[in-house]
Amino acid sequence: MLDVKRNLTTIMDFYELTMAAGYLEEGYEDKISVFDMFFRKVPDGGGYAIMAGLAQFIEAIDNLSFTEADIEYLRGTHVFNEKFLDYLRSFSFHCNVWAIEEGTPIFPQEPIVTVEGPSIECQLIETLLLVTFNHQCLIATKSSRIVRAAAGRPVMEFGARRAQGYDAAYYGARASYIGGCGSTSCVMAARDFGIPASGTMAHSWVQMFPSEYDAFKKYAQLYPDACVLLVDTYSVTKSGIPNAIKVFDEVLKPMGKRPKGVRIDSGDIAYLSKKARQMLDEAGYPDCTVCASNSLDEYLVRDLILQGARVDSFGIGENMITARSNPVFGGVYKLAAVKEDDGSYTPKIKVSESMEKLTIPGLKKVWRIYDSDGKAMADYVTLADEVVDTKYGITLFDPVETWKERTYVNCTAKCLSTPIYVGGKRVYESPALADIQKFCKAQIATLWDEVTRFENPHCYYVDLSQTLWDLRQNLLKKMSR
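Residues numbered from 1 in each chain as written. Predicted model: local features only at pLDDT ≥ 70, side-chain atom pairs only at ≥ 80, totals over all residues. Heavy atoms only, no water.

1. Remarks on the overall build of the chain
Selection criterion: Put simply, DSSP marks the helices as runs of H or I at least four residues long and the strands as runs of E at least two long, and each gets a number from the N terminus on. Residues are treated as being in contact if the distance between any of their heavy atoms lies within 4.5 Å. Only the protein chains shown count as cover for residues, with accessible areas throughout obtained via the Shrake-Rupley method and a probe of 1.4 Å. The positive count covers Lys and Arg only, the negative count covers Asp and Glu only, and His and the chain ends enter neither. Throughout, a charge is located at the NZ atom of Lys, the CZ atom of Arg, the CG atom of Asp or the CD atom of Glu.
Along the chain, the regular secondary structure elements total 17 helices and 21 strands. Considered along the principal axes of its C-alpha atoms, the chain spans approximately 85 × 60 × 35 Å. In the chain, of all internal contacts separated by at least 6 residues, the share reaching a separation of at least 24 is 73%. Per element, the accessible surface of the chain, about 21,800 Å² overall, is 52% carbon and sulfur. Taken together, the 53 basic and 62 acidic charged side chains of the chain have centroids lying 6 Å from each other.

As structure tokens, this is what we get:
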């Protein structure tokens, strides 16, 4: 869990402070605004992303406060007056927050987090919110891709040493577990999040001893119940596997123990795994598993399986923990509405030459439409006060290519926008991480195969209600006059 002594309040861009100070001067400290976080593209050209990071966001919000050291630093910038510094000194959180729950598949343009509250407060948490969700959504999404490529074979997260810093290793391990990894090599993450820890030996262990055989023998003596040997330090087929078999025969067998596995970390893994499997089987160890590592990603994992590689599990490092192929999630945080004194909302929109950067105005909710078999058909974004009734079917249309429409019958609608804070008071408890992982697996299973494929996935529709679409079109027309 996040160390409560670690104050993350000033994880913010400086412009959030300058804007907040300006809002205070303008008398906007009680002006209610609505901000949405959403993203525009699924990483790696995939069909869906995975929501992750909500628990850490909650922990950070629960501990928001500006310390005297923070106040002194800001005073020393000579940018802010004492009125604003006094405001920060007594800062507390009063916002309403809705979010899609962790482990849920998410899609471009829909609000995955909505914050409604005093404008200053909404503004000051922007970076904290974005950095939390952008990172964990990215790694959970990449992990999900790799786990799917492994086709039921266990995937271990091995990336701590290649992560972009301590927090990336720590929270990346958590996110990878949500995405489907079975274990992590990061001890701190394993301890704090309850993730199974995994790991065996490095090449340095083998090199440290007079011979490969001596290194294997000592390891087997120390860990007879969890003996996995790294067999590629010198030669997998000429020495690694033969020495492993010799140790299994001489050390484990007399103890009544069976080896857990061997790991191959270099070379032609498809070929070497087949040879290793053959040698282990012939020696009487068909239950000894073969693990592959060495800069693997979802495409290499898939290709190994297609080539008939005899690999039982995968250790994935840098390509998952950094999401190396597409390392930016790209979530943004945009103003969607301002609440007036009479309680009505004035919608706000950002206009761009690019259609994908056009925002969706208003205080909204996200709904998922399921068919009678429980398959997710589309997501439906409505204004917050709209009621979605599917009793007689529901007609959805593409908000850009509006002639594309479909009526769904015998369907149900589930609201994904879950209350997290009401008036600054937390009303949501994060599930156990293992339960989030199970939930994620079940939710991915609701997606059609066409959405989950790697190449040219089917475009999962995120449609707007007629009322919301009309609202946006009317705003665009007013702004173009």
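2. Examining the sheet that holds strand E7 (residues 183-184)
What counts here: Strands are labelled as partners when DSSP assigns at least two bridges between them.
If you walk across this open sheet you meet the six strands as E7-E6-E11-E10-E9-E8, and the pairing is parallel. One side of each edge strand has no neighbouring strand; the edge strands of this open sheet are E7 and strand E8 (228-230). Pairing between strand E10 (residues 289-292) and strand E11 (residues 313-316): two bridges, direction parallel. Each bridged residue has a counterpart across the sheet, and for Cys291 the counterpart in E11 is Ser313.

3. Topic: helix H6 (residues 126-149)
Counted only if it meets this: What a helix should span is 1.5 Å times the count of its residues minus one. Only protein chains enter the accessibility calculation, which uses a 1.4 Å probe; a residue is then buried when its area is under 20% of its type maximum, exposed when over 50%, and partly exposed in between.
Helix length check: H6, at 24 residues, gives a terminal C-alpha distance of 35 Å against a target of 34 Å (1.5 Å per residue), a fit within 8%. The element H6 is extensively covered by neighbouring structure, given that 20 of its 24 residues are classed as buried. Just downstream of H6 lies Ala151, where phi reads positive at about 50°.

4. Remarks on the pattern of salt bridges
The test is simple: Definition used for salt bridges: Asp or Glu carboxyl oxygen within 4 Å of a side-chain nitrogen of Lys or Arg.
Taken as a whole and assessed by the stated rule, the structure comprises 25 salt bridges. Glu68 serves as the salt-bridge partner of Arg89, at 2.8 Å between the closest nitrogen and oxygen. A residue pair is termed long-range when its members are at least 10 positions apart, and Arg89 in helix H4 (residues 82-89) and Glu68 in helix H3 (residues 68-76) qualify at 21 residues. Judged by its relative accessible area of 34%, Arg89 is partly exposed.

5. Quick look at helix H1 (residues 14-26)
The end-to-end C-alpha distance of H1, which contains 13 residues, comes to 19 Å, matching closely the 18 Å that a straight helix rising 1.5 Å per residue would cover. Where H1 is buried, its residues meet H3, H4, helix H5 (119-124) and H6.

6. Topic: the sheet that holds strand E18 (residues 412-415)
Rules: All axes here are fitted lines through C-alpha atoms, helices being fitted over the stretch that makes contact, and every angle between N-to-C directions spans 0 to 180 degrees.
In spatial order, the strands read E18-E14-E15-E21; together these four strands make up an open sheet with mixed pairing. Strand pairing shows two members of the sheet lacking a second neighbour, E18 and strand E21 (462-464), which therefore form its edges. Ignoring strand direction, the axes of neighbouring strands in this sheet form an average angle of 30°. The sheet contact formed by strand E14 (residues 364-370) and strand E15 (residues 376-383) spans seven bridges and is antiparallel. Bridging from a neighbouring strand, Arg368 pairs with Asp379 of E15. Here helix H17 (residues 466-479) sits on the sheet in contact with E14, E15 and E21, set at roughly 55° to E15.

7. Some details on the packing of helix H2 (residues 54-62) against H6
Heads up, the rule is: Should an angle fall under 35 degrees it is taken as roughly parallel, and over 145 as roughly antiparallel, whereas 65 to 115 is taken as roughly perpendicular and any remaining angle as oblique. Each helix crossing is assigned a hand: it is left-handed if the near helix lies turned anticlockwise from the far helix by less than a right angle, otherwise right-handed if that turn is clockwise. Residues are grouped as follows: nonpolar covers Ala, Val, Leu, Ile, Met, Phe, Trp, Tyr, Cys and Pro; charged covers Asp, Glu, Lys and Arg; every other residue, Gly included, is treated as polar.
In contact at an axis separation of 9 Å, H2 and H6 are set at 160° when each is read in the N-to-C sense. Considering the angle they form, H2 stands roughly antiparallel to H6. By crossing handedness, the relation of H2 to H6 is classed as right-handed. Counted together, Leu54, Gln56, Phe57, Ala60 and Ile61 of H2 and Leu128, Leu129, Thr132, Phe133 and Gln136 of H6 form the full contact between these two elements. Residue composition of the contact of H2 with H6, by class: seven nonpolar, three polar and no charged.

8. Some points on the pairing of E11
Successive residues of a regular strand alternate their side chains across the two faces of the sheet. Let me state the cut-off plainly: Every crossover in which the path from the first strand over the helix to the second runs clockwise, viewed with the strands pointing away from the viewer, is termed right-handed.
Side chains of E11 alternate between two faces, with Ser313 and Gly315 and Phe314 and Ile316 buried alike. Relative to E11, strand E6 (residues 155-157) runs parallel, the two sharing three bridges. Within E11, the residue paired with Val155 across the bridge is Phe314. Note that the unit made of E10, helix H13 (residues 298-306) and E11 has a crossover that is right-handed.

9. So, the packing of aromatic side chains
The criterion, for reference: Aromatic rings from Phe, Tyr and Trp, taking only the six-membered ring of Trp, are treated as a pair when their centres fall within 6.5 Å; an angle between ring planes under 30 degrees marks them as stacked, one over 60 as edge-to-face, and anything in between as tilted. A ring has a charge above it when a Lys NZ or an Arg CZ is no more than 6 Å from the ring centre and no more than 35 degrees off the ring normal.
Per the stated rule, a full pass over the model turns up 20 aromatic pairs. On the basis of an interplanar angle of 50° and a centroid distance of 5.4 Å, the ring pair of Phe57 and Phe133 is categorised as tilted. With Phe57 in helix H2 and Phe133 in helix H6, this pair connects stretches of sequence that are 76 residues apart. Phe133 carries the same exposure label as Phe57, and that label is buried. Three or more aromatic residues link up through ring pairs in this structure, and these residues are Phe14, Phe66, Phe80, Phe84, Tyr87 and Phe91. Looking at Lys246, its charged tip hangs above the ring of Tyr213, at a distance of 4.6 Å from the centre.

10. Regarding unusual backbone geometry
Even without glycine at this site, His78 takes up a positive phi of about 60°. Inspection of the secondary structure assignment puts His78 in the loop between H3 and H4. Positive phi outside glycine occurs at Ala151, with the angle close to 50°. Secondary-structure assignment places Ala151 in the loop between H6 and E6. What makes Ala151 exposed here is its relative accessible area of 54%.

11. What about the pairing of strand E19 (residues 418-422)?
Sheet topology places strand E3 (residues 96-99) next to E19; three bridges connect them, and they run antiparallel. Residue pairing in the sheet places Ala99 in a bridge with Thr418 of E19. With two bridges joining them, E19 and strand E20 (residues 425-426) adopt antiparallel strand pairing. Of the residues in E20, the one forming a bridge with Tyr421 is Arg426. Following E19, the chain reverses through two residues before pairing antiparallel with E20; Gly423 in that reversal takes a positive phi of roughly 60°.

12. Some words on the state of the cysteines
Applicable threshold: A pair of cysteine sulfur atoms is labelled a disulfide when the two atoms are within 2.5 Å.
Going through the model one piece at a time under the given rule, you end up with zero disulfides. Left unpaired, Cys137 is separated from the closest cysteine sulfur, that of Cys440, by 11 Å.

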